[in-house]
Amino acid sequence: MKYKIVSDSSSDLLHLEQAPFASVPLHIIVGSHEFIDDANVDLAEMDEVLASHKGRSGTACPGVNDWLEAFGDAEAVFCVTITSALSGSYNSAVSAKKEYEEQFPGRYVHVIDSLSTGPEMQLIIEKLQELIVAGREPEEISSEITDYMRHTRLLFSLETLTNLANNGRISPAVAKLAGILGIRLVGQASPKGELQMLNKCRGKQCVLSSILRHMQRMGYQGGKVRISHNGNESSAAELAAQIKKLFPSSDIRVGAARALCSFYAERGGILVGLEGSL
Ligand code: X90
């Protein structure tokens, strides 16, 4: 059977080694500039344009046809989207599924609402890949991925909330913190897929120890961790080293966030996907 994994570009993933994969770009609109979050996007240019731009900026999720094109001619598609609580990506993928299954009877599409983004989506995608490589049937993969997602979590640290607040993606109470200089917010993706604040920090050490503490509370015991950062390689590497020291068996990968997560996590932002147990 011809399998394919598809995700929107908020997964920060462009390629997969062992299974067919496509990333469907979201768009970032900054004044008259439009950045398409694919392999060619110039992240340094986007960062510069954003830094000097005074007016409105926003994002747009994939349309139904973008998803259909990515499904291609696969017989079983696993489609992983950014949280439906903050984006229309999931709804548009569900419409694409309906059209695809109607047009090609017998084909199978499972649209998975990650209720998260970035590195937690990577964990889901890697697990899907593992199940495909193991030769599992589509329905089996669907039920196993649902179980797996009960244990994955997303933590993050943000230095600025401006773009999230201006685009109405956070509650007014959290948005109030948007402008406070020097405060970093440590938060998690809530069970409903919304941004939930956990604590406020001044300084990097507070952020790193807070993330570590929350990881342990979530039952992290040395499984996979995926980290995305926007221009903050040093903190991401330091976090990875601290995790490794406490849990030598951990499997950690660090990468730069792509355009969508960079836009919302902003400079200095770090996202951490992990395998918990609670
Ligand atoms: O449809 C669209 O235009 C995309 C909207 C996406 C809005 C949120 C993106 C968040 C990216 C920021 C920190 C993590 C928050 C996670 C909460 C679940 C990353």
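Model, not experiment: these values are computed from the prediction. (Residues numbered from 1 in each chain as written. Predicted model: local features only at pLDDT ≥ 70, side-chain atom pairs only at ≥ 80, totals over all residues. Heavy atoms only, no water.)

S.K.: With reference to specific residues and values, describe the overall build of the protein.
M.R.: When its secondary structure is counted, the protein shows 10 helices and 13 strands. Taking 278 residues into account, the globule formula puts the C-alpha radius of gyration at 19 Å, and the protein, at 18 Å, falls close to it. Counting only C-alpha atoms and orienting by the principal axes, one finds that the protein spans roughly 55 × 50 × 30 Å. Considering only intrachain contacts with a sequence separation of at least 6, the fraction spanning at least 24 residues in the protein is 72%. As displayed, the protein offers around 12400 Å² of accessible surface, 51% of which is attributable to carbon and sulfur atoms. (Helix = DSSP H or I, 4+ residues; strand = E, 2+ residues; numbered from the N terminus. Rg over C-alpha atoms; globule rule 2.2 N^0.38 Å. Contact = heavy atoms within 4.5 Å. Areas by Shrake-Rupley, 256 points an atom, 1.4 Å probe, with all protein chains shown as cover.)

S.K.: Give a description of the pattern of salt bridges that names residues and reports values.
M.R.: Under the definition given, this model contains 13 salt bridges. Residue K97 is joined to E101 by a salt bridge in which the shortest nitrogen-to-oxygen separation is 3.1 Å. Taken together, the residues K97 and E101, both in helix α3 (residues 89-103) and 4 residues apart, mark about one turn of the helix. By sharing partners, the salt bridges in this structure join E126, K224, R226, D251 and R253 into a single network. (Salt bridge = Lys/Arg side-chain N within 4 Å of Asp/Glu carboxyl O.)

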